[in-house]
Amino acid sequence: MDDLISKKELLARYGISYGALYRWKRMGLIPDDWFIKKAMPTGQETFFHRQAICERVELILSRRDGSGTGSLEALARELAPKAAAEPVLVVDSVYGEKRFRVAELRRITAINADGQTRDLTEQILSALTGKDEAG
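Residues numbered from 1 in each chain as written. Predicted model: local features only at pLDDT ≥ 70, side-chain atom pairs only at ≥ 80, totals over all residues. Heavy atoms only, no water.

This part covers the sheet that holds strand β2 (residues 36–40). Strand order across the open sheet formed by three strands is β1-β3-β2, with antiparallel pairing between neighbours. What marks the edges here is a single partner per strand, and that holds for β1 (4–6) and β2. Averaged over all neighbouring strand pairs, the angle between strand axes comes to 45°, with direction disregarded. Against the sheet, helix α1 (residues 7–14) contacts β1 and β3 (43–49), and its axis sits at roughly 80° relative to β1. Contacting β1 and β3, helix α3 (residues 50–63) crosses the sheet at an angle of about 75° to β3. (Pairing = 2+ DSSP bridges. Helix = DSSP H or I, 4+ residues; strand = E, 2+ residues; numbered from the N terminus. Axes fitted to C-alpha atoms, helices over the stretch in contact; angles between N-to-C directions. Contact = heavy atoms within 4.5 Å.)

Here is the structure:
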């Protein structure tokens with residue numbers, strides 16, 4: 001776990017609050033999939049890949065100024081095209097929206113009320129990439 005940093009350690013290292021971290025997440029400054037949940041003896045804890053999150057927090061802190069969130073909103077817009085360039089599967093439910101990059105998908109299965117399953121992986125990947133997975 002040397003390449004991971006805990007949320008607690010990250011907050012202490014940079015002197016940022018829990019609220020600021022999650023505000024940056026909502027703004028799109030820190031991607032949702034960077035939040036890695038792990039079961040620990042003390043309960044569930046959140047970790048990040050150390051290099052990526054430290055570089056991002058340092059970038060955010062360097063762009064933050066005393067005039068509110070304006071510069072952070074501009075930074076979120078700058079970072080957004082990079083994330084949008086990769087195909088994403090979006091699942092929107094009553095519990096919120098979850099986004100999955102193509103590289104994260106292993107298998108997509110639909111299960112009907114009778115318990116019958118249907119593998120939709122190839123169809124979804126084909127729709128996301130524009131490629132025929134069978135050929």
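A separate point is the packing of α1 against helix α2 (residues 18–27). Axis separation between α1 and α2 bottoms out at 10 Å; the angle between their running directions is 105°. On the basis of their axis angle, the class for α1 and α2 is roughly perpendicular. On α2, the residues that touch Lys7, Leu10 and Leu11 of α1 are Tyr18, Leu21 and Tyr22. Among the residues forming the contact of α1 with α2, the class breakdown is five nonpolar, no polar and one charged. (Parallel < 35°, antiparallel > 145°, perpendicular 65-115°, else oblique. Nonpolar A, V, L, I, M, F, W, Y, C, P; charged D, E, K, R; others polar.)

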